[in-house]
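In case you want the letters, here they are:
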Amino acid sequence: MSASLNAPPPLIAAVDVCYHDHGAAAAAVLFENWADDQIKEQHLCHIPQVADYQPGQFYRRELPCVLAVLKLLPQAPAVIVIDGHVWLRPGEPGLGWHLHEATGIPVIGVAKTSFDQSPHAAHVFRGESMKPLFVTAAGMDQQDAACHIQSMHGAFRLPTLLKSVDSLCRSGAPSAVAPQ
């Protein structure tokens, strides 16, 4: 048998960071397919010190936290989904672009709020929400990225697994993962 037949399937990682009085918590949930409703693995990293917030330079604070949790993963993901923007404006990189540059992995940014109305972002409407998610991407086609986010599990505006990674970093403690 060749080594490629023994390779684990490519995974998708959704990551998020939550700041608190004593640093930050960075979380990653891994799943195999865009429509999955269950987490395959979850990882949590506590970061005791984070950089101060600098307007227009948010990535300087968040990127080290995201990179720290990605180091915990058993394999590099095929795609990373972040809570935020890849592009703030056309040609103006956001956190996702910096993450793509640092890892070489395609990154999809899913922002709940627009940046200057985000006319360059794909506006993805999910469930019955009248408010879009603002999707941008680096390392892959933006419309493909928007289709992936649209196809994610969940009846509401925010996909189930993106809610899960947000909850994980906010709680600061891993929850039980359903057996595979």
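Quick note: structure is the one above.
We now turn to the structure provided with this report. (Residues numbered from 1 in each chain as written. Predicted model: local features only at pLDDT ≥ 70, side-chain atom pairs only at ≥ 80, totals over all residues. Heavy atoms only, no water.)

Our focus in this paragraph is the packing of helix 2 (residues 58–70) against helix 3 (residues 95–103). Interhelical geometry of helix 2 versus helix 3 gives an angle of 45° and a closest axis separation of 10 Å. Overall, the two elements helix 2 and helix 3 adopt an arrangement that is oblique. Relative to helix 3, the crossing made by helix 2 is right-handed. Contact residues: Phe-58, Tyr-59, Glu-62, Leu-63, Val-66, Leu-67 and Leu-70 in helix 2; Leu-95, His-98, Leu-99, Ala-102 and Thr-103 in helix 3. For the contact of helix 2 with helix 3, the class distribution of residues is 9 nonpolar, 2 polar and 1 charged. (Axes fitted to C-alpha atoms, helices over the stretch in contact; angles between N-to-C directions. Helix = DSSP H or I, 4+ residues; strand = E, 2+ residues; numbered from the N terminus. Parallel < 35°, antiparallel > 145°, perpendicular 65-115°, else oblique. Left-handed = near helix turned anticlockwise from the far one by under 90°. Contact = heavy atoms within 4.5 Å. Nonpolar A, V, L, I, M, F, W, Y, C, P; charged D, E, K, R; others polar.)

Moving on, we come to the layout of surface pockets. Each pocket or cavity is described by its volume, and for the largest pocket that value is around 670 Å³. The wall of the largest pocket is formed by 34 residues, among which Phe-58, Asp-83, Gly-84, His-85 and Leu-95 lie closest to the centre. Mapped onto the lining of the largest pocket, the elements with two or more residues apiece are strand 1 (12–20), helix 2, strand 4 (79–82), strand 6 (92–93), helix 3, strand 7 (107–111) and helix 5 (160–171). Among the residues making up the lining of the largest pocket, the classes are represented as 19 nonpolar, 8 polar and 7 charged. (1 Å grid on protein atoms, 1.4 Å probe; cavity = no way out; pocket = protein on both sides within 12 Å on 5 of 7 lines; lining within 4 Å. Points joined across faces, edges and corners; volume = space filled by probe spheres on them.)

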